[in-house]
Amino acid sequence: EDQVTQSPEALRLQEGESSSLNCSYTVSGLRGLFWYRQDPGKGPEFLFTLYSAGEEKEKERLKATLTKKESFLHITAPKPEDSATYLCAVYGGSYIPTFGRGTSLIVHP
Amino acid sequence: EAQVTQNPRYLITVTGKKLTVTCSQNMNHEYMSWYRQDPGLGLRQIYYSMNVEVTDKGDVPEGYKVSRKEKRNFPLILESPSPNQTSLYFCASSLWSTGVGNQPQHFGDGTRLSIL
């Protein structure tokens, strides 16, 4: 059974204070790890896809990395508008994704 | 504008009264799916459809039905809703290719169902 654990559950940062969110996974044959951002009252919005260990993707202040056991979402010099819940999902041997519970990020001005 | 549209956005109803939540996408996506999101549990897939001919169960299909008669529409049907189906529901769609595999999903803005 595929498993995804995200940590921390909640994170409060000051504007400009860089940090990382963690997504640890157990899956039989990773076929893709996805990061999404979810704002209150909205559906998840796609950020990144990673397929193999060592892969990295960047978008503005966000950078996603992948190892064989975990993925990190690094946030550099965050701004208040980066406040959201960040979700991690993996596809293993089936067509059904397994989502983590998410990390709620609040960035204070 | 590329989007996934769900209706209604909010619904309060009573146990046993059949209801349908509609989902439509305008991106010509093959793959569509339904999720429920509950506090502390994360998103869980209810049903998915890889095309108009293939629909299959996700992790939590009990009490739900789906239909995929057209490529763009994928309604979620609760024949006899119960209080434990009170939740936030999301429809999603994505491209699909057996060669490429899983692609990023585009989500609707959700339907909040309350079953009394």
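Rules used in this analysis
Residues numbered from 1 in each chain as written. Chains lettered and ligands numbered in written order. Predicted model: local features only at pLDDT ≥ 70, side-chain atom pairs only at ≥ 80, totals over all residues. Heavy atoms only, no water. Helix = DSSP H or I, 4+ residues; strand = E, 2+ residues; numbered from the N terminus. Rg over C-alpha atoms; globule rule 2.2 N^0.38 Å. Buried < 20%, exposed > 50% of the residue type's maximum accessible area, 1.4 Å probe, protein only. Contact = heavy atoms within 4.5 Å. Areas by Shrake-Rupley, 256 points an atom, 1.4 Å probe, with all protein chains shown as cover. Lys, Arg positive; Asp, Glu negative; His and termini not counted. Charge placed at Lys NZ, Arg CZ, Asp CG, Glu CD. Polar contact = N/O pair within 3.5 Å; in protein donor to acceptor, adjacent residues only side chain to side chain. Salt bridge = Lys/Arg side-chain N within 4 Å of Asp/Glu carboxyl O. Core = buried A, V, L, I, M, F, W, Y, C linked by side-chain atoms within 4.5 Å. Pairing = 2+ DSSP bridges. Disulfide = S-S within 2.5 Å.

S.K.: Describe the overall build of chain A, naming the residues involved and giving the relevant values.
M.R.: Assigned secondary structure in chain A consists of 0 helices and 11 strands. If you list the helices and strands of chain A from N to C, you get β-β-β-β-β-β-β-β-β-β-β. Here chain A has a C-alpha radius of gyration of 13 Å; the compact-globule value for 109 residues is 13 Å, and the two agree. For chain A, the spread of C-alpha atoms along the three principal axes comes to 45 × 30 × 20 Å. Burial analysis of chain A (109 residues in total) assigns 45% to the buried set. Contacts in chain A between residues at least 24 apart in sequence constitute 55% of all its contacts with a sequence separation of at least 6. Accessible surface computed for chain A: about 5,400 Å², of which carbon and sulfur atoms make up 48%. Positive and negative charge centroids in chain A, built from 12 and 14 side chains respectively, lie 3 Å apart.

S.K.: Give me the side chain of T111(B): which residues, what numbers.
M.R.: Residue and element names in this part refer to chain B. In this structure, T111 sits in strand β11 (residues 111-115). Polar side-chain contacts of T111 include one of 2.6 Å to the backbone oxygen of P8. Apart from residues no more than four positions distant in its own chain, T111 is found in contact with Q6, P8, R9, V21, S87, L88 and Y89.

S.K.: Just give me the short version of the pattern of salt bridges, but keep the residues and values in it.
M.R.: Here the structure, examined in full by the defined rule, presents 10 salt bridges over all chains. D109(B) serves as the salt-bridge partner of K42(A), at 3.7 Å between the closest nitrogen and oxygen. Here K42(A), found in the loop between β4 (33-38) and β5 (45-50), pairs with D109(B), found in the loop between β10 (106-107) and β11, and the two come from separate chains. Classification of K42(A) as partly exposed rests on a relative accessible area of 43%. Judged by relative accessible area, which is 30%, D109(B) ranks as partly exposed. With a shortest N-O distance of 3.3 Å, K63(A) and E56(A) are connected by a salt bridge. According to the relative accessible area criterion, E56(A) is partly exposed, its value standing at 48%.

S.K.: Go over the nonpolar core with me, naming the residues and quoting the values.
M.R.: Soluble globular proteins: nonpolar side chains tend toward being buried together. In terms of nonpolar packing, the biggest core is built from 22 residues, with L33(A), W35(A), L73(A) and Y86(A) touching the most fellow members. Of all the elements in the fold, those that place two or more residues in this core are β2 (10-14), β3 (19-26), β4, β5, β7 (62-66), β8 (70-75), β9 (84-90) and β11 (103-108) of chain A. Setting aside residues no more than four positions away along its own chain, Y86(A) makes contact with Q6(A), L21(A), W35(A), Y36(A), R37(A), L47(A), L62(A), L73(A), G102(A), T103(A) and L105(A). Within the second largest apolar cluster, 19 residues are counted, among which are M32(B), W34(B), L78(B) and I115(B).

S.K.: I'd like to hear about the pairing of β11(B), residue by residue, with values.
M.R.: All names here are of chain B. Here β11 shows one buried face, formed by T111, L113 and I115, and one open face, formed by R112 and S114. By the bridge criterion, 4 bridges tie strand β2 (residues 10-13) to β11 in an arrangement that is parallel. Paired with L11 across the bridge in β11 is L113. Two elements, strand β9 (residues 87-94) and β11, share 3 bridges in a ladder whose sense is antiparallel. From the neighbouring strand, Y89 faces β11, where its bridge partner is T111.

S.K.: Talk me through the state of the cysteines; I want residue IDs and the actual numbers.
M.R.: Any covalent bond linking the sulfur atoms of two cysteines counts as a disulfide. Applying the stated criterion to the full structure yields 2 disulfides over all chains. Linked covalently through their sulfurs, C23(A) and C88(A) form a disulfide whose S-S length is 2.0 Å. The S-S bond linking C23(A) to C88(A) shows a torsion near -65°; that makes this disulfide left-handed. Linking C23(A) in strand β3 with C88(A) in strand β9, this pair joins segments that are 65 residues apart in sequence. Taken individually, C23(A) and C88(A) each receive the classification buried, so the pair is uniform in this respect. Shown here is the disulfide that connects C23(B) with C91(B), its sulfur atoms set 1.9 Å apart. Because the sign of the S-S torsion sets the handedness, a value of about -75° for the bond joining C23(B) and C91(B) places this disulfide among the left-handed ones. Within this pair, whereas C23(B) is found in strand β3 (residues 19-25), its partner C91(B) is found in strand β9, the two being separated by 68 residues in sequence.

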